[in-house]
Amino acid sequence: MKKWIVMVGILALMAGIAGCNSSSDGGGASGEGESVYMTIGAPPASSALYGYWVAAAKSIESVYPEFNFTVTESQGAVDISKRVRDGLVPVGNSVSNTDYDNYYGEGSFEGEPFEDLRMIWYFESTPMQWIVTKDSGITELSDLNGERFNPGSTNSSAEAITQVVFEELGIEPDYFTAVQADAADAVVNRQIIGTSKAGPTPDSFVQQIQGSLDIEMLSIPEDKIDQITEKYQYLVPHTIPAGTYEGIDYDVNTVTVLMGAQATSELPQEVGYKMFKAIWEDGKDEWAAAYPVGAENDVPALTLESRIPLHAGAVQYLKEIGMDVPDELIPPEYEEE
C-alpha cells in the first residue's frame, strides 16, 4: 500500500509540472497550471532550521503559486535521508557529512550507496558544539571518557559527527542516546553532563540550556584539527568566536558541515530550478527575515562546495547566473536549456 501511495504522489507531481509554466526566463510565476503538492522533510521543530524551511517553503510559494508545500519535522539528517531514499518525501533538509555517507554508502549507510542522491543547494554552515555543565568541572574533550554524555539527537548529523570525531580522538563517553528535547531535559536535570549540537551560532538549543544552568564549550585540540579534516573531508575547521554565547569568553575550535536541500534524480529539473531561483532571487527577503542568521550566506558558492552531484535544476540555475559548475557535480540527467 505504501509503495502505491508513493507512486500516486510521483505521478501527481509529474502531472503538476507538466501543467506549470516551463519558462526559465526569470519572470514571476504565471499562476497557471495545476498545483504541485510536495512534502519537505525538516529538522526537529525545536531547531532554528525548522523555521528556515517553513519560511523557504512560503518564499517559493510566493514566487511560484503552483507549489504547495507541507513541512514535516523529523529526528534529524539520517532520518530525513532515509525518507528521501524511500520516496516518502521528495525534498529534505540535509547535512554534508550525511550526504557524503548516503551517496557513497559509508557511515550510517555502510554498504548501501545511493547514487540517485542529488543536492539542490547548501544554505548554511553548521559547526559542532559540544557543551557540558560548568559544575561538571570538565574543560577538555578528553575529560568525557566514561562520562554520561549525549552525542546528539538520535539519527542526527550531530550524533554521527560526534561519534567519528570522538573515535578519531580516542574518546569513549558513556553515551546517552535520546532525541534533542529529551537530551536537553537530561542535561538540565543533571542526568548527564552534556550534549552535542550542530547548528548555526548562536544556536537556540544551546541558549535554551543556558537559560537553566551555566555551561562550558569544549574545543578540539588545535594539533588534532588537521588529522580529523584530512580523514573526513566533508568536515571543515571552524572557530566559534569568544562572546558568541554569554559567559563563553574564549574561542572554541571545532569543525563544521553544510546544511542543504537534498532530493533525488527523480525530481524534475524544472522543479529544482524554480525552487533554487525562488529562494535566491525574488523570495529571498521572505526567508531571510525569518532566518536572519543566514541572510548573508552566499548560497550559490556554498552549493558548489558539494561533494556529491547537484540536482539538474541546480546546475541549470547556477549556469544561468554565470557560475562555473565542475563536471563532477553535473548529473547525467541534466539537460542544457
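Structure's up top.
In this report, the structure presented in the accompanying data block is examined. (Residues numbered from 1 in each chain as written. Predicted model: local features only at pLDDT ≥ 70, side-chain atom pairs only at ≥ 80, totals over all residues. Heavy atoms only, no water.)

## Structural notes on the overall build of the protein
Then comes step 1: From N to C terminus, the protein includes 12 helices and 10 strands.
Then comes step 2: At 20 Å, the protein has a C-alpha radius of gyration in line with the 20 Å of a compact globule built from 337 residues.
Then comes step 3: Projecting the C-alpha coordinates of the protein onto the three principal axes gives extents of approximately 60 × 45 × 40 Å.
Then comes step 4: A buried classification covers 52% of the 337 residues belonging to the protein.
Then comes step 5: For the protein, contacts bridging at least 24 residues in sequence account for 71% of all contacts bridging at least 6.
Then comes step 6: Only carbon and sulfur atoms are counted for the fraction: they give 46% of the accessible area of the protein, which is about 14,400 Å².
Then comes step 7: Positive and negative side-chain charges of the protein, numbering 18 and 54 respectively, have mean locations separated by a distance of 4 Å. (Helix = DSSP H or I, 4+ residues; strand = E, 2+ residues; numbered from the N terminus. Rg over C-alpha atoms; globule rule 2.2 N^0.38 Å. Buried < 20%, exposed > 50% of the residue type's maximum accessible area, 1.4 Å probe, protein only. Contact = heavy atoms within 4.5 Å. Areas by Shrake-Rupley, 256 points an atom, 1.4 Å probe, with all protein chains shown as cover. Lys, Arg positive; Asp, Glu negative; His and termini not counted. Charge placed at Lys NZ, Arg CZ, Asp CG, Glu CD.)

## Observations regarding the pairing of strand β10 (residues 252-264)
Then comes step 1: Among the 13 residues of β10, 13 are classified as buried, and the element is accordingly described as predominantly covered.
Then comes step 2: Bridge count for strand β3 (residues 91-95) against β10 is four bridges, and the pairing is antiparallel. Within β10, the position partnered with G92 by the bridge is Q262.
Then comes step 3: Inspection of the sheet shows strand β4 (residues 117-133) paired to β10 by nine bridges, in the antiparallel sense. (Pairing = 2+ DSSP bridges.)

## Let's talk about helix α3 (residues 77-85)
Then comes step 1: Residues of α3 that are buried include every one of A77, V78, D79, I80, S81 and V84, and no others.
Then comes step 2: On its buried side, α3 packs onto β1 (36-42), β3, α4 (96-104), α5 (157-169) and β10.
Then comes step 3: After α3 finishes, the residue G87 shows a positive phi value of roughly 75°.

## Focus on the packing of aromatic side chains
Given two aromatic rings, their pairing is described by the distance between the two centres and the angle made by the two planes.
Then comes step 1: Across all of its chains, the model carries 18 aromatic pairs by this definition.
Then comes step 2: Centre to centre, the rings of Y52 and Y291 are 5.4 Å apart; their planes meet at 65°, and the pair counts as edge-to-face. With Y52 in helix α2 (residues 48-63) and Y291 in the loop between α10 (284-290) and α11 (299-303), this pair connects stretches of sequence that are 239 residues apart. Accessibility assignment for this pair places Y52 and Y291 in one class, buried.
Then comes step 3: Note on W53 and F123: the rings are 5.9 Å apart at their centroids and 90° apart in plane angle, and the pair reads as edge-to-face. Within this pair, whereas W53 is found in helix α2, its partner F123 is found in strand β4, the two being separated by 70 residues in sequence.
Then comes step 4: Clustering of aromatic rings is evident, with ring pairs tying together Y52, W53, W121, F123, Y273, F276, W287, Y291 and Y317. (Phe/Tyr/Trp six-rings, centres within 6.5 Å; stacked < 30°, edge-to-face > 60°.)

## Description of the nonpolar core
Then comes step 1: Counting residues in each nonpolar core, the largest one holds 79 residues, and the members touching the most others are W53, W121, L144 and V165.
Then comes step 2: With nine residues, β4 is the single largest residue contributor to this core.
Then comes step 3: When near neighbours in sequence (up to four residues on either side) are disregarded, V165 contacts W130, I220, I228 and L235.
Then comes step 4: Counting residues in hydrophobic clusters, the runner-up holds 18 residues, among them A184, A186, V206 and M217. (Core = buried A, V, L, I, M, F, W, Y, C linked by side-chain atoms within 4.5 Å.)

## Some points on the environment of E266
Then comes step 1: Within the secondary structure, E266 sits in the loop between β10 and α9 (269-280).
Then comes step 2: Expressed as a C-alpha distance, the spacing of E266 and E159, which sit 107 residues apart in the sequence, is 29 Å.

## Comments concerning the pattern of salt bridges
Then comes step 1: Summed over all chains, the structure comprises 12 salt bridges.
Then comes step 2: A salt bridge links K274 to E66, with the shortest nitrogen-to-oxygen separation between them at 2.9 Å. On the criterion of sequence distance, the pair formed by K274 in helix α9 and E66 in the loop between α2 and β2 (67-73) is long-range, its members being 208 residues apart. The exposure classification of K274 matches that of E66, with both residues buried.
Then comes step 3: With a shortest N-O distance of 3.0 Å, K231 and E168 are connected by a salt bridge. Here E168 lies in helix α5 and K231 lies in helix α8 (residues 222-231), a separation of 63 residues in the sequence.
Then comes step 4: The exposure class of E168 is partly exposed, given its relative accessible area of 22%.
Then comes step 5: Taken together, the shared-partner salt bridges in this structure form one network comprising E66, E270 and K274. (Salt bridge = Lys/Arg side-chain N within 4 Å of Asp/Glu carboxyl O.)

## Some points on the packing of α9 against helix α12 (residues 312-320)
Then comes step 1: Relative to each other, α9 and α12 sit at 50°, their axes nearing to 6 Å. Our classification of the angle between α9 and α12 gives oblique. As α9 runs across α12, the sense of the crossing is right-handed. Taken together, the residues of α12 that come into contact with α9 (itself represented by Q269, G272, Y273, F276, K277 and W280) are A312, G313, A314, Q316, Y317, L318 and E320.
Then comes step 2: Residue composition of the contact of α9 with α12, grouped by class: seven nonpolar, four polar and two charged. (Axes fitted to C-alpha atoms, helices over the stretch in contact; angles between N-to-C directions. Parallel < 35°, antiparallel > 145°, perpendicular 65-115°, else oblique. Left-handed = near helix turned anticlockwise from the far one by under 90°. Nonpolar A, V, L, I, M, F, W, Y, C, P; charged D, E, K, R; others polar.)

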